[in-house]
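# Descriptive analysis of the structure
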Amino acid sequence: MATYDGLFDTLGLRDWCDAEASDGPMSMADLMARTQGGDEAAGTPLRDLPFPSLDALHDACAAIPQSRALTKGLETGFLDIRDSLRFVVDPLTQPLSWALENMLWVMTETPWWVMFPVLLLITWAVGRSWKVVGFVALVIAGLAFVDHYDVAMQTLAIIFVCAFICVLFGVPIGIAMSRSDRLQGVLTPVLDMLQTLPPFVYLIPLIFLFSVTEPKLYGIAVILYAIVPVVRLTNLGIRLVDPDVIEAADAFGMTKSQKLFGVQIPLALPNIMAGVNQTIMMSLAMVVIASMVSAPGLGILVLRGIRNLELGVGLVAGLGIVVLAIALDRVTKASLARIDASQSSR
Amino acid sequence: MTDKTIKVSIRHLFKIFGPDPETALAAVREGKSKDDLLEETGHVLGLQDINVDMKEGEITVIMGLSGSGKSTLIRHLNRLIEPTAGEVLVNDEDVLAYSDSQLRQLRRERMSMVFQKFALLPHRTVLENAGMALLTRGIKREEADREAQKWIDRVGLSGNGEQYPHQLSGGMQQRVGIARALASNSDIMLMDEAFSALDPLIRTDMQDLLLELQKELQKTIVFITHDLDEALKLADHLVILKDGAVIQQGEPQQILLNPSDPYIEDFVADINRARVLRVRSIMAKDKPDGQVVGEVAPDDNLESVIALADGAMGSVCNVTVQGETIGYVSMVEIVRALVPRRVGEAA
């Protein structure tokens, strides 16, 4: 006798309930109830009244599914569409795998005495600041000195590829959002979800979709997680462009694309660069978690530290990630400052 | 001045802001007032039945207090705002019938604009800003730079071409704004409170600059202001706007001498009339009694005549153009003109 029996009886649904009755697998709770000979539930005191959840209602009426049917349904649903999904997504994301594999190969196989100056040159090109170049040199040299050069390069390779793809897709999406309020209304909750979903959760469906040996598995997880800030800040940056300036552009007969490339994007650039900075930081965070699905790099060592309780290994790798993060942050901030200086706000 | 052709003409222009302007327009045409419309339907009557003719080569000043619809009105000329009803004719063509590309061509080549808040591109140099209209049109960089430099020199910013707008003072920024409008070589210039954000001395400088340029270039200028002194100084044709309607328009001197509405009387009450009124507005054809003390030009203001006559009440001045006397002005007339006339009194 379950609590909500009376409800179904008064509603006249008893026949419907019993007709659907089936012997589903017994849950632990059922088993416990049976062993306790629990038919005394007839007079449940008010303070023990269960919430009318699926499980509680199932007890009273067998036609109502149990909660576990939901998780089970999601799983079978996903497995059912998996093949067709894979058929579409697999070729689409194949370039990502190639890009990651090639970048990893280039950055680890190039001799350090070539890679080192190349990285410093990139730093100089982006930041134009000797201080930042010096700092980056120090960071790479430090990591190499404690024999973490290879793993650091792997981490950097993944970040470069993923952040590049984030910008490649994120900026146009942000521009499209800034031009259409409706698109912004649709995409904002999606972005909110991507940003708040625990990073581990990205990995679960991806593991079902791709084999764990494929780099795109972690590539997609990193990109989904890290693309949010660049989309948001591009959208925001363009929406924040001074309406007076836009009006002037209109008054002098600029076309939509002249306005976009000549006025809106240049003026939104500081915000877009702030988004790129955030995107890079978030890919670094995700690349560590992605090491659980075979992403190479410093994350592997952190994982080893946790799994085998190797305190030293975990700490050194963790600090390695920190200095790498600081270096990446300084470089992007330096380029941001450079842009800001050339067009300080009015 | 009637021989000049009409360049821009606004006919029965209405603008109503709100979700359903068409229905509101019908109500307004049946005589509903602005306040009633707002209260009953939530629509704002921005402009009602505006009719203004702007002649070629003249400065038409549209004056009104904030909220009178003057900025809305000027934006109808290049369709930054779409009207609810009415016509805007430029060279006898209806701008409202223009396609997108025709409209773009109008904005690029025939109508330039100067803004209250300058609205320069902050990431471009002064030179690039001045050449903006030309670059937008697709003219080659070198040519655009040459043209832009010419106008930068003309507005007195010769050495500042490579600077960015934020490195300049407000007055200098607005000079760039004017250079940008002039470089487009359009024959119509819209100036939306162009000098209102500047401090008084610089504003006077800019007004003088504009008048000096105008003498040479003879553009058709539509100038918006809330400052009566500025309006009287610049205007060939003055339009006074209140609550979205034209309450008086005409030659500024005539408006000053014959205000048609108590609102305008209040407006002109604080003006230094001796400095604003010109001899030509009050001179008489026949020689009045009195002693002739000197000769004045028709465009001299009364202040200078009073100074010439040394304040002596009986004196008369000959008004002469190139040595030929075209009329007379007596001290008595001058003093009479200095007292504001009330509506209803004989002009």
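Let us look at the environment of Ile321(A). Residue and element names in this part refer to chain A. Within the secondary structure layout, Ile321 lies in helix 15 (residues 311-342). Taking the C-alpha atoms as reference points, Ile321 and Ala152, separated by 169 residues in sequence, lie 8.1 Å from one another. If we ignore the near neighbours within four places in the chain, the residues touching Ile321 are Leu284, Val288 and Leu298.

Glancing now at the domain arrangement of chain A. We note that the domain assignment places domain 1 (5-65) and domain 2 (83-344) within chain A. The centre of domain 1 of chain A, based on its C-alpha atoms, is set 52 Å off from the matching centre of domain 2 of chain A.

Moving on, we get to the interface of chain B and chain A. Every contact between the two is made by 19 residues of chain B and, on the other side, 18 residues of chain A. Put simply, the parts of the chain that give the side of chain B that touches chain A at least two residues each are helix 4 (100-110) and helix 6 (132-137) of chain B. Of the residues in the side of chain B that touches chain A, the class split is 10 nonpolar, five polar and four charged.

Turning our eyes to something else, we now look at the packing of helix 15 (residues 302-309) of chain B against helix 16 (residues 331-338) of chain B. All names here are of chain B. Running from amino to carboxyl end, helix 15 crosses helix 16 at an angle of 140°, the nearest separation of the two axes being 11 Å. Overall, the two elements helix 15 and helix 16 adopt an arrangement that is oblique. In terms of crossing hand, the pair formed by helix 15 and helix 16 is left-handed. Facing helix 15, whose interface residues are Leu302, Val305, Ile306 and Ala309, helix 16 presents Met331, Ile334 and Ala337. Each residue belonging to the contact of helix 15 with helix 16 can be placed in one class, and the counts come to seven nonpolar, no polar and no charged.

Bringing the pairing of strand 4 (residues 85-90) of chain B into the picture now. Sheet faces and side chains relate simply in a regular strand, where the side chains alternate between the two faces. Residues and elements named next belong to chain B. Note: strand 1 (residues 6-17) against strand 4, five bridges, orientation antiparallel. The residue bridging Ile10 from the neighbouring strand is Val88, located in strand 4. Here strand 4 pairs with strand 5 (residues 93-94) via two bridges, running antiparallel. Bridge pairing links Val90 to Glu93 in strand 5. In sequence, strand 4 turns back onto strand 5 through a hairpin of two residues, with Asn91 there showing a positive phi of about 50°.

Calculation criteria
Residues numbered from 1 in each chain as written. Chains lettered and ligands numbered in written order. Predicted model: local features only at pLDDT ≥ 70, side-chain atom pairs only at ≥ 80, totals over all residues. Helix = DSSP H or I, 4+ residues; strand = E, 2+ residues; numbered from the N terminus. Contact = placed C-beta atoms within 7 Å. Domains from an automatic or database assignment. Nonpolar A, V, L, I, M, F, W, Y, C, P; charged D, E, K, R; others polar. Axes fitted to C-alpha atoms, helices over the stretch in contact; angles between N-to-C directions. Parallel < 35°, antiparallel > 145°, perpendicular 65-115°, else oblique. Left-handed = near helix turned anticlockwise from the far one by under 90°. Pairing = 2+ DSSP bridges.

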